[in-house]
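In case you want the letters, here they are:
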Amino acid sequence: MDAIFHCPANFAPLSPIRFLERAATVYGCRPSLVYGARVFTWSQTYARCLSLASVLVHHFHVSPGDLVVAMAPNIPELYELHFAVPMAGAIISALNTKLDTPTLSLLLQQLHPKIIFLDSQFLPVLLKSLANNSIKFPALVLIPTDPDTPPSLEFLDYNKVLTMRFGDGGFTPKLNAELDPISINYTSGSTGLHKGAIYSHRAAYLNSLATIFRSRICSNTSSPVFLWTVDMFRCNGWCFIWVMAALGGCNICLGTVTSDAIFTSVELHKVTLLCGPSTLLKMISESSSNHYTPRRLSRRVDLIVAGALPIKEILTKVDEMGFNISYGYGMTEAMGPAIIRPWKPSLEEENVQFENLITSLEIDVKDPISMESVLGDGETLGEVMLRGNTLMCGYYKNLKATHEAFSGDNWYRTGDVGVRHNSGRIEMKDRAKDIVVRADREGAVVSTVEVEAVLMSHPNVAEAAVVGERTLCGFVKLKNGSRENGDEIIEFCGMHLPEFMVPERIVFGDLPINSTGKVQKFVVREKAKALNNLNANNTI
């Protein structure tokens, strides 16, 4: 039409960095970040991010499309980098702080960053990784683990970088095209290969808004307080880094996540929401005000977890302690939890729906061959598939994996097996390569994720993995000092699982864990095959 006219007055590229600009204007005096005795307001956070972006452009000569790596725990500096780097037109990649030297070396070789921001406690592993790397040594800025620690004489100091000035005028953020990359987030590598999922400015913006609705973060207050118990390096903190700026809420940073830190922070700062892996539930349930009395919060607090839920006894206990539990299903490629569902001990399974309001994402369970939706009978298995505006753009420098992921007739193939219920609810069962169909039990389907969740609920179990090789076998690592035998563990499973899902064998010992703390199931399967072939005793 002749009347259509696009200009800056009616069009601006979607980017979550705009949330920070608005927060500085609308919520400037409100606290933005709290970390121990350090407190910042939104106007201060915006000013610090602008200064850092200016230094990236003028001192480090960062150009649009350049990569900036960050490796730090949940501290204010890592939060700031998620805004400052894209403000400079660059792409941020926050890496898992548990990466070992070989894995870190491999990822740095792939990313080839122009600059690395590093918490000083990780300097030894980084230097070893760079020594085994063929890339040019990047610029390195150290974030002091202790703010009172004198700055390094060998490397630039984060606080000193913030004080650099370039010219008299203010810095104007570089607004990229909305489909340009804003971040690269690596998968956990539980299958043996870490892949870098690329997020666009547009997807990050839309998913941040969708997360506000999914999480119901504003349901009980207009000024949320978010406790950082989910890692910021995981899908940019499930996009809550940007969500909190959009809402002008307050971020409470935790250096180390413990049950004591959680309860203290919730009461001290009036926390309204915290998130993280489902293992948080067990940690919280084992917390007590003394040796006998479980802790109780003075008011209800929302808690969202991802991953298989533990047994009902643990869920009920955490609920009684004052937490409103919700659980989500998602993945790195979907920028975190794509759907979130509340858990209530009094509600029937079929009457509770996944929260899927304004997610910009379609979710279905399809036959992977015909691409037809499976029956909504709660039994017919299919592959969970997604499509929409809040998915990754692809895998960094991995065109083959990208094409495979999007090979589902314009759907993203998750590789997860699930079912659809009459209510429309989608239930995830397992990874396609991990699910066990028991020929000896009339084709009964065993979700190894559910069995592992029960094993992990045992008070003496530290790690667990389940595979099916002739027999259903549970691999278990006990907590230090704990003593259990296989029959006791099997009996515990029998109390919480149908008979066909109870492991027939328990093997004790250390589990193969990758550099990000994930059990390598493909290695466990090989161990199970070896044990079956050798008819070995119960040791790994």
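Structure: see above.
Since this is a predicted model, take the numbers as computed values, not measurements.

*Asks:* How would you sum up the overall build of the protein chain? Please name residues and give values.
*Replies:* When helices and strands are tallied, the protein chain shows 16 helices and 25 strands. Here the C-alpha atoms of the protein chain give a radius of gyration of 24 Å, agreeing with the 24 Å that 2.2 N^0.38 yields for 540 residues. On the principal axes, the C-alpha backbone points of the protein chain span a range of 75 × 65 × 55 Å. Among the 540 residues that make up the protein chain, the fraction classed as buried is 56%. Taking as baseline every contact in the protein chain between residues at least 6 positions apart, the subset at least 24 positions apart corresponds to 66%. When the accessible surface of the protein chain is split by element, carbon and sulfur atoms take 53% of a total near 23800 Å². Across the protein chain, 49 positive and 54 negative side-chain charges occur, with their mean positions spaced 4 Å apart.

*Asks:* Can you tell me about the packing of helix H1 (residues 17–26) against helix H9 (residues 240–247), naming the residues and giving the values?
*Replies:* One way to put it is that H1 packs onto H9 with a least axis distance of 7 Å and a crossing angle of 35°. For the crossing formed where H1 meets H9, the hand is left-handed. When H1 is examined against H9, the residues Phe19, Leu20, Arg22 and Ala23 are found in contact with a partner set consisting of Trp242, Ala245 and Ala246. Taken together, the residues of the contact of H1 with H9 break down into 6 nonpolar, no polar and 1 charged.

*Asks:* Can you lay out the packing of aromatic side chains for me, pointing to particular residues and giving the numbers?
*Replies:* Counted according to the given criterion, the structure contains 8 aromatic pairs. Considering the side-chain rings of Tyr79 and Phe83, the 5.6 Å spacing of their centres and the 50° angle between planes classify their relative orientation as tilted. Here Phe83 and Tyr79 lie together in helix H3 (residues 76–87), a separation of 4 residues that amounts to about one turn. Phe83 carries the same exposure label as Tyr79, and that label is buried. Seen from their ring centres, Phe117 and Tyr158 are 6.0 Å apart, and the 75° between their planes marks the pair as edge-to-face. A residue pair is termed long-range when its members are at least 10 positions apart, and Phe117 in strand S5 (residues 115–119) and Tyr158 in helix H6 (residues 158–162) qualify at 41 residues. For the pair formed by Phe117 and Tyr158, the shared burial category is buried.

*Asks:* Go over the environment of Met385, please, and point to the residues and values.
*Replies:* Here Met385 shows up in strand S17 (residues 382–388). According to the relative accessible area criterion, Met385 is buried, its value standing at 0%. On a C-alpha basis, the gap between Met385 and Phe500 in space is 28 Å, while along the polypeptide they are 115 residues apart. Once residues within four sequence positions are removed from consideration, Met385 is found in contact with Glu362, Ile363, Asp364, Lys366, Pro368, Met371, Trp411, Tyr412, Arg413 and Thr414.

*Asks:* Describe the sheet that holds strand S19 (residues 412–420), and please don't skip the residues or the numbers.
*Replies:* One open sheet accounts for 4 strands, arranged S16-S17-S19-S20; its pairing is antiparallel. Two strands close off the open sheet at either side, each with one partner strand: strand S16 (361–366) and strand S20 (426–431). Averaged over all adjacent pairs, the angle separating strand axes in this sheet is 45°, with direction ignored. The pairing of S16 with S17 spans 6 bridges and is classified as antiparallel. Each residue of the ladder has a partner; that of Glu362, found in S17, is Arg387.

*Asks:* Explain the environment of Arg18 to me, using residue names and the numbers behind them.
*Replies:* Along the polypeptide, Arg18 turns up in helix H1. For Arg18, the residues in contact, after removing those within four places along its chain, are Ala12, Pro13 and Leu175. A polar atom in the side chain of Arg18 sits 3.2 Å from the backbone oxygen of Pro13.

*Asks:* How would you summarise the pairing of S17 if you had to cite specific residues and measurements?
*Replies:* Counted residue by residue, S17 has 5 buried out of 7 residues, so it is predominantly covered. Both S17 and S19 contribute to a ladder of 4 bridges, which runs antiparallel. Following the sheet pairing, Leu386 is matched in S19 by Tyr412.

*Asks:* Any details on the packing of helix H2 (residues 42–58) against H3? Residues and values, ideally.
*Replies:* Packed helices, taken two at a time, are described by their axes: the angle between them and the distance between them. One can describe the packing of H2 onto H3 by two numbers: an axis separation of 8 Å at closest approach and a directional angle of 50°. Considering the angle they form, H2 stands oblique to H3. With respect to the hand of their crossing, H2 and H3 are arranged in right-handed fashion. Facing H2, whose interface residues are Trp42, Tyr46, Arg48, Cys49, Leu50, Leu52, Ala53 and Leu56, H3 presents Tyr79, Glu80, Leu81, Phe83, Ala84, Val85 and Met87. Split by residue class, the contact of H2 with H3 holds 13 nonpolar, no polar and 2 charged.

Basis of the calculations
Residues numbered from 1 in each chain as written. Predicted model: local features only at pLDDT ≥ 70, side-chain atom pairs only at ≥ 80, totals over all residues. Heavy atoms only, no water. Helix = DSSP H or I, 4+ residues; strand = E, 2+ residues; numbered from the N terminus. Rg over C-alpha atoms; globule rule 2.2 N^0.38 Å. Buried < 20%, exposed > 50% of the residue type's maximum accessible area, 1.4 Å probe, protein only. Contact = heavy atoms within 4.5 Å. Areas by Shrake-Rupley, 256 points an atom, 1.4 Å probe, with all protein chains shown as cover. Lys, Arg positive; Asp, Glu negative; His and termini not counted. Charge placed at Lys NZ, Arg CZ, Asp CG, Glu CD. Axes fitted to C-alpha atoms, helices over the stretch in contact; angles between N-to-C directions. Left-handed = near helix turned anticlockwise from the far one by under 90°. Nonpolar A, V, L, I, M, F, W, Y, C, P; charged D, E, K, R; others polar. Phe/Tyr/Trp six-rings, centres within 6.5 Å; stacked < 30°, edge-to-face > 60°. Pairing = 2+ DSSP bridges. Polar contact = N/O pair within 3.5 Å; in protein donor to acceptor, adjacent residues only side chain to side chain. Parallel < 35°, antiparallel > 145°, perpendicular 65-115°, else oblique.

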